[in-house]
Amino acid sequence: MRILIAEDDARLLKSLVHILKLNNFSADGVDNGADALEYAKTGEYDGLILDIMMPKMDGIQVLRQLREAGFTTPALFLTAKTSVSQRVEGLDAGADDYLPKPFSTDELLARVRAMLRRRDSFIPDLLCCGPVILNRSTYELTCQNQSVSLSGKEFQVMEILMENPHIVVTTEQFITKIWGWDTAVDTSVVWVHISNLRKKLAALSAPIRIRFQRGAGYILEGEP
């Protein structure tokens, strides 16, 4: 899951990005509303965390423009504003939730998970491809009562593949979705994680495989 964070407090922005990445999310951070709008309009994000008071454009204006343009990406307002009228204004602008500062890390993560479950429709904790199950809560891959644990990046790569079975996913799409546009990560890193996942699928005797299609990308094949 990829989250966009818009927060003009540099220290808080850095902390938020770190917290989300530590908990196996992909996260990009911007420090003003104009950039938040530009990034969000790419459609690359599964969720938005928006501060209300930001330079160039406030969070409510950002979200209103996104909703008017047809973007349904779930959004959480994170702000020091706490009055009822201000919360109502944010929710009326199209926000899914509202978390006042200061906040605890556990509550933030719980709100983010709840927000993501409301994306278009309920997103289950278990993602299945035939008898193979990816648990989004424990980061475990299970098949026929056997389980293996995945690292954070392995989990994110497998999640993308299982959300798009029988569809080619390019190396560039993995990098953009997981590491972000401005990363210096080499394409070989994707191959390393794919290789590790193949070994873990083999250890489970899973009836699915990750096939490389030359000049295109990777495809998850097997039982529908």
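Residues numbered from 1 in each chain as written. Predicted model: local features only at pLDDT ≥ 70, side-chain atom pairs only at ≥ 80, totals over all residues. Heavy atoms only, no water.

### Concerning the overall build of the protein
A count of helices and strands for the protein gives 8 helices and 11 strands. Taken over the C-alpha trace, the protein has a radius of gyration of 19 Å; the compact-globule value for 224 residues is 17 Å, and the two agree within 12%. For the protein, the spread of C-alpha atoms along the three principal axes comes to 55 × 35 × 30 Å. Every one of the 224 residues in the protein was classed for burial, and the buried ones make up 45%. Of the contacts formed within the protein by residues at least 6 apart in sequence, a portion of 58% connects residues at least 24 apart. By element, 50% of the accessible surface of the protein is carried by carbon and sulfur atoms, the whole surface being about 10900 Å². (Helix = DSSP H or I, 4+ residues; strand = E, 2+ residues; numbered from the N terminus. Rg over C-alpha atoms; globule rule 2.2 N^0.38 Å. Buried < 20%, exposed > 50% of the residue type's maximum accessible area, 1.4 Å probe, protein only. Contact = heavy atoms within 4.5 Å. Areas by Shrake-Rupley, 256 points an atom, 1.4 Å probe, with all protein chains shown as cover.)

### Let's talk about the side chain of Asp-28
Counting through the fold element by element, Asp-28 comes out in strand E2 (residues 26-30). Reaching out from Asp-28, the side chain makes a polar contact with the side chain of Arg-2 at a distance of 2.5 Å. Among the polar contacts made by the side chain of Asp-28, one reaches the side chain of Tyr-45 at a distance of 2.6 Å. If sequence neighbours within four positions are ignored, Asp-28 has contacts with Arg-2, Ile-3, Leu-4, Ile-5, Tyr-45, Gly-180 and Trp-181. (Polar contact = N/O pair within 3.5 Å; in protein donor to acceptor, adjacent residues only side chain to side chain.)

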